[in-house]
Amino acid sequence: MTQRMWNNHELKKNYDVVIIGGGAHGLATAYYLAKLGITNVAVMEQKFIGYGGSGRNTAILRSNYRTEEGIKFYDQSLSLYEDLAGELDFNLMFSRQGHFTLGHSTAAVSGLVTRAENNKALGVDSYFLDPLEIKKMLPEIDISDHPRFPVHGALYHPPGGIIRHDAVVWAYARGAERKGAQIHQLTEVQDILVENGKVTGVVTNRGTVSCNTVISVVAGWSSEVCKKVNVKLPFVTHPLQALVTQSYKPWLNHVVVSGTLHIYLSQTDRGELVCGNGIDTYPHYGMRSTLGFLESYAAHVLELFPVLHNVAVQRQWAGLCDMTPDYSPIISPIDEINGFYVNGGWGTYGFKASPASGYNTAQMVANGKAPEMIEPFRYSRFAENRLVGEKAAASVGS
C-alpha cells in the first residue's frame, strides 16, 4: 500500500501554535518547531499546500547579497538547502549551476564589484568577470556593442543554482507531519482572536480553535492577515510574472540575471527555460500574466541571447510578492500582541530563504527571543531608521 505524503485530520479544539500559510516557509517553520519538540502545531492553508509563491516561482538559490545581514542569512539558507535532501529523505533535484548577475553600465559594474568584495569578506564565493570571461562560460551570449545595453561584466556566484520547488514543499510537509504537526488544507483563517493584548485562538471556515501562538507566513497576503489584529506593517503587494518554454536540448548550464533589464533565466533538467521579469510597476493582487510582460521579456532576452528567437512559450503565470521599503523581510514578534508573529516581506526572493526562514522563526517562537541571525529583520527597524537595504541585490525587484 502506498503511504500518503501527509494525512487529512479533523481540526482539534486546541493547538500550541497555528501557522497561517502552507507554503515552504510555513511548512519549514512547522518542521523545525517539531524538531525542537513543539509538535502540537497546525499549518492552515486556505487552498492547497504550495498554492501560493512556493508553487509559483522560478526556484533560484543564491546567497550573493549586498548587506552583511542579507549575506549571512541567505548563506545559512543555502547551507541548509545543501543538506536538505538527506535530512528529509526526498530528492529535491538541487542543481548547483553557478549564478551570473550581469552589469550593463559603469555604475552597475561598480556595484557588482562591491558586492563581490562584501561576499568574499563574509566567506561567500563570488567574484567579478569581464565580458570575455563571461563569453567563455556562456558561449551563446552577445557581448558585442550591438545591444541597447551591452554587457560590461558580471558578478559570478558559483554556489548558486536551482531546485525543484514543489519537491521542497512536499518534503517539508511530509517531514513536519512525521514529527507530529498537522496540515490542514482548504482551511481559511477568517479571524484571529485577541484578548487583553494576547492571542487566544483563530476562527476558521471549519470552526474555532484556541491557541497561544499565531505565525503569519502568507507572502503576498501579509497585510491582509495583519489587518485581522489591527496591525499595519509596511507591506506593498505586487505580482511577479514568469514563463516557461517548451523543452530544448540542454545548452544553458548557469543561472543568468540582469538587474538592468529586470530579467533572469535558467534551464531545467527537462530542458525547459524558466524565465522571469521584474515585479509589476503598480501594486495589485492579480495573478494573471500579461502580453506586455511577454513582449518586454522577449525584447530584452533576445538582446542577450539572439539564439532564442524561435523558442516557443509553453505557459505564463504570476505570483504575489509583498515588498518592504528596504527590500528585506520582516521576521518578528509583534510587541503589541503577545503570541503574534509575522514572517513576510520576502519580495522576489522568498523561496531561496525558506530553510533559514523556517529554522530561525521556529527558534524565535520556541525560545521567546529572536536569534541573532534575524534580529536585524524586526519590524521596529523602520521606526528606528536602521534599514537593511537590499535593493542592490534584489536583481529584478524594482
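Residues numbered from 1 in each chain as written. Predicted model: local features only at pLDDT ≥ 70, side-chain atom pairs only at ≥ 80, totals over all residues. Heavy atoms only, no water.

> What am I meant to see in the side chain of Arg-378 here?
For Arg-378, the position within the fold is in the segment after helix H8 (354-367). Classification of Arg-378 by relative accessible area gives buried; the value is 14%. Residues in contact with Arg-378, not counting those within four places in the same chain, are Ile-331, Ser-332, Pro-333, Asp-335 and Arg-386. (Helix = DSSP H or I, 4+ residues; strand = E, 2+ residues; numbered from the N terminus. Buried < 20%, exposed > 50% of the residue type's maximum accessible area, 1.4 Å probe, protein only. Contact = heavy atoms within 4.5 Å.)

> Hey, could you run me through the environment of Ser-258 in this one?
Summarising the element assignment, Ser-258 is placed in strand E14 (residues 255-258). Sequence separation between Ser-258 and Gly-161 is 97 residues, and the spatial gap between their C-alpha atoms is 16 Å. Side-chain polar atoms of Ser-258 contact the side chain of His-104, separated by 2.8 Å. Polar side-chain contacts of Ser-258 include one of 3.1 Å to the backbone nitrogen of Leu-261. (Polar contact = N/O pair within 3.5 Å; in protein donor to acceptor, adjacent residues only side chain to side chain.)

> Can you help me understand H8 in this one?
Given 3.6 residues per turn, any residue in an α-helix points the same way as the ones three and four places further on. Over its 14 residues, H8 extends 20 Å from the first C-alpha to the last, a length consistent with the 20 Å expected when each residue adds 1.5 Å. The buried fraction of H8 is high, at 11 of 14 residues. Restricting attention to buried positions, one finds in H8 the residues Ser-354, Pro-355, Ala-356, Ser-357, Gly-358, Asn-360, Thr-361, Ala-362, Gln-363, Met-364 and Val-365. A positive backbone phi angle near 70 degrees is found at Gly-368, which sits one or two residues after H8. (Expected span 1.5 Å × (residues − 1).)

> Hey, could you run me through the packing of aromatic side chains in this one?
Given two aromatic rings, one states the distance between the centres and the angle between the planes to describe the pair. Under the definition given, this model contains 16 aromatic pairs. Here Phe-73 and Tyr-74 contribute two aromatic rings whose centre-to-centre distance is 5.3 Å and whose plane-to-plane angle is 85 degrees, an arrangement assigned as edge-to-face. As far as burial versus exposure is concerned, Phe-73 and Tyr-74 are alike and both buried. Three or more aromatic residues joined by ring pairs form one cluster here, namely Tyr-65, Phe-73, Tyr-74, Trp-346, Tyr-349 and Phe-377. The ring centre of Tyr-51 lies 5.7 Å from the NZ or CZ of Arg-56, which sits over that ring. Lying over the aromatic face of Tyr-65, Arg-62 brings its terminal NZ or CZ to 4.4 Å of the ring centre. (Phe/Tyr/Trp six-rings, centres within 6.5 Å; stacked < 30°, edge-to-face > 60°. Lys NZ or Arg CZ within 6 Å of the ring centre and 35° of its normal.)

> How do you make sense of the pattern of salt bridges when you look at a structure like this?
Pairing between side chains becomes possible if they bear opposite charge and their charged atoms approach one another. With the rule as written, the count across this model stands at 12 salt bridges. Among the ionic pairs, Lys-120 bridges to Glu-117, the shortest N-O distance being 3.5 Å. Pair noted here: Lys-120 and Glu-117 are both in helix H3 (residues 106-121), with a separation of three residues, about one helical turn. Judged by its relative accessible area of 43%, Lys-120 is partly exposed. Take Glu-117: its relative accessible area is 43%, and that puts it in the partly exposed class. Two residues, Arg-381 and Asp-326, come together in a salt bridge whose shortest N-O distance is 2.8 Å. Here Arg-381 is found in the segment after H8, whereas its partner Asp-326 is found in the loop between strand E17 (313-323) and strand E18 (330-333), with 55 residues between them in sequence. On the basis of relative accessibility, which here comes to 0%, the residue Arg-381 falls in the buried class. Residue classification places Asp-326 among the buried residues on the basis of a relative accessible area of 4%. (Salt bridge = Lys/Arg side-chain N within 4 Å of Asp/Glu carboxyl O.)

> In this structure, what is going on with the sheet that holds strand E3 (residues 60-61)? I would like to understand it.
Across a sheet, strands are paired by hydrogen bonds formed along the backbone, either parallel or antiparallel in direction. Spatial ordering of the open sheet is given by E3-E8-E4, a layout of three strands whose pairing is antiparallel. The outermost strands of the open sheet, each flanked by one partner alone, are E3 and strand E4 (95-96). Where E4 and strand E8 (residues 161-162) come together, two bridges link them in antiparallel fashion. Within E8, the position partnered with Arg-96 by the bridge is Gly-161. (Pairing = 2+ DSSP bridges.)

> I'm lost on the nonpolar core in this one. Help?
A general tendency of soluble globular proteins is for nonpolar side chains to be buried together. Counting residues in hydrophobic clusters, the biggest one holds 63 residues, and the most contacted among them are Ile-19, Leu-27, Leu-33, Phe-73, Ile-163, Tyr-172 and Ile-215. Setting aside chain neighbours within four positions, we find Tyr-172 in contact with Ala-24, Leu-27, Ala-28, Tyr-31, Tyr-32, Leu-84, Leu-88 and Pro-355. (Core = buried A, V, L, I, M, F, W, Y, C linked by side-chain atoms within 4.5 Å.)

No statement about biological role is implied by the geometric values presented.
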